[in-house]
Amino acid sequence: MVTVSSVLAFALYETVKTLLFPRISIIASHVITITVAGILAFFLSRYALARYNSALTEIERQAGITKEANRLLSAVLASLQEGVVIVNNAMEVVLYNTAATRMVKLPDGGQESWAHRSGDEGEVRSGLRSGAREPQSEESPSLSGRPPRLADATRDPAINEAFRRAAGERLLVETRVELAGREARAYQLQVAPLGSALVVGVFHDITELERLEKVRREFFANLSHELRTPLTAILAFSETLLGGAIDDRENNVRFIEKLHRHAERMAELISDISDLSAIESGGLKLAFGPVLLIDAVSEIAALMEPSAAERGVTIAVSVPADLYVVADPTRLGQILNNLVDNAVKFNRQGGKVTVSAEEKEGQVAVSVEDSGSGIPSADLSRIFERLYRADKSRSRKVEGSGLGLAIVKHLVQSHGGEISAASEVGKGSRFTFTLPVALAPSQKMGAAPQSIQDAVPQGDSTAVLETRRA
């Protein structure tokens, strides 16, 4: 428009000049014409340059926004634990993040994208890639040329079918896929349309959720079994007594004693469930203070002595006489009682239980070792689960709630320590837990040891703390 206006203005000028000055010389006319043309060209070029500069500034601004958006997108994709894969309607992978390389066979090394534009379709297809490495195996799709096909990145039919359905029907598709590798992993795959030419798939790792769900189902199955056994016995003996056995002087007392024993077992199981629930929910209060370890161990050893004598098991204590730990005395007794009780119950006739302790780097390691039949290595990782029994045929003969080790694990963790188990079949087992070391009350109480600074306020050895969820 500016150029047309300038041409029209120049033509008008020439017309007016010719009409008003018909006798002007050719030289003067050319000089005036060139001068006017130069002035018009000057203003026209200034206007054009100003428009060009404005357009260039806007292009740079848009490029900066795009670059920042891409940087933020790359950071978001890289930080996601979920695998993200974007494919086009031709089932070609145009974008994925590093986490996705654990689900499909794509080159690792950072965010990958193919983002060049096709002139006809306007699809995102070109090859931009950031921090990538060339694939080292024939199984990985090539980065050269066109984007890799999804079918080359994974042979799993469920994944390919989910992307095909989402691309063809333009709807959300959800499916569960299980991928084998070093360890089997389960994923919830959600594939949704992204615009008119792309679909995005997100892989959510649900392996741990399914494991916890399996543990929950096993817990309730085991709990129902544990409750059913004493409840069945109580019903049977009570029906027998009601049926006339209450007048049987030779057997009625024996039946009532069995009723009482099974009722006690149910009460013990319910009490342990209540304790475990309180610990896991953070509702259990612990009163921490310095505890002389030898006294706590000796008290439990004395309590266990009668049951150990019945089985011919001896209990040996090897704990330094001046060793103090930071603990709740009642809960420390519960920890020791459960471990020593198990060591006695699952020991062999004439076996031995040894309770020992040593101080190391601000921690006290307490060990309870037995000479029983041991625990198979396949069961060691699960013995601290609720109601889990390593040797079911043997452990059913031993009374107990099956929650002792689960309670011990949570109580030790609430004290800021850790517990572990080692065992050799045929030779016995060793359970070791750690507690923070404490200064003796007779010593000057200074700053709390570094390992319990967060657990016990300085100068307050009886601080009441709420246990954390394990």
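Up top is the structure these notes are about.
The notes below deal with the structure included here.

## Observations regarding the overall build of the protein
Scanning the protein from N- to C-terminus turns up 11 helices and 16 strands. Within the span of the protein, comprising 470 residues, buried residues form 37% of the whole. Relative to all contacts within the protein whose residues are 6 or more apart in sequence, the contacts with residues 24 or more apart total 59%. Accessible area of the protein: about 27,200 Å², with a carbon and sulfur share of 56%.

## Considerations on the pattern of salt bridges
Applying the stated criterion to the full structure yields 13 salt bridges. Glu-213 is paired through a salt bridge with Arg-217; the nearest N and O atoms lie 3.8 Å apart. Placement of the pair is Glu-213 and Arg-217 together in helix H5 (residues 207-242), with a separation of four residues, close to one helical turn. The partly exposed category is assigned to Glu-213, whose relative accessible area is 30%.

## Looking at the environment of Ala-422
Note that Ala-422 resides in strand S14 (residues 419-424). Note: C-alpha distance between Ala-422 and Glu-369 (53 residues apart in sequence) is 9.4 Å.

## As for the packing of helix H1 (residues 2-20) against helix H2 (residues 26-79)
Running from N to C, H1 and H2 cross one another at 165°; their axes reach a closest spacing of 11 Å. It follows from the interaxial angle that H1 and H2 lie roughly antiparallel. The chirality of how H1 crosses H2 is right-handed. Residue-level contacts link Val-2, Thr-3, Ser-6, Phe-10, Tyr-13, Glu-14 and Lys-17 of H1 to Ser-29, Ile-32, Thr-33, Val-36, Ala-37, Leu-40, Leu-44 and Tyr-47 of H2. Its residues assigned to classes, the contact of H1 with H2 comprises nine nonpolar, four polar and two charged.

## Side note on the side chain of Asn-252
When you line up the elements, Asn-252 lands in helix H6 (residues 252-280). Engagement of the side chain of Asn-252 in a polar contact is seen with the backbone oxygen of Ile-246, the distance being 2.9 Å. Filtering out sequence-adjacent residues up to four positions away, Asn-252 remains in contact with Leu-241, Ala-245 and Ile-246.

## Comments concerning the environment of Val-366
Among the structural elements, Val-366 can be located in strand S13 (residues 363-370). Residues Val-366 and Ser-356 lie 10 residues apart in sequence; the distance between their C-alpha atoms is 5.8 Å. Once residues within four sequence positions are removed from consideration, Val-366 is found in contact with Leu-293, Leu-336, Val-355, Ser-356, Ala-357, Phe-431, Thr-432 and Phe-433.

Cut-offs applied
Residues numbered from 1 in each chain as written. Predicted model: local features only at pLDDT ≥ 70, side-chain atom pairs only at ≥ 80, totals over all residues. Heavy atoms only, no water. Helix = DSSP H or I, 4+ residues; strand = E, 2+ residues; numbered from the N terminus. Buried < 20%, exposed > 50% of the residue type's maximum accessible area, 1.4 Å probe, protein only. Contact = heavy atoms within 4.5 Å. Areas by Shrake-Rupley, 256 points an atom, 1.4 Å probe, with all protein chains shown as cover. Salt bridge = Lys/Arg side-chain N within 4 Å of Asp/Glu carboxyl O. Axes fitted to C-alpha atoms, helices over the stretch in contact; angles between N-to-C directions. Parallel < 35°, antiparallel > 145°, perpendicular 65-115°, else oblique. Left-handed = near helix turned anticlockwise from the far one by under 90°. Nonpolar A, V, L, I, M, F, W, Y, C, P; charged D, E, K, R; others polar. Polar contact = N/O pair within 3.5 Å; in protein donor to acceptor, adjacent residues only side chain to side chain.

By themselves, these observations are geometric and do not establish any function.
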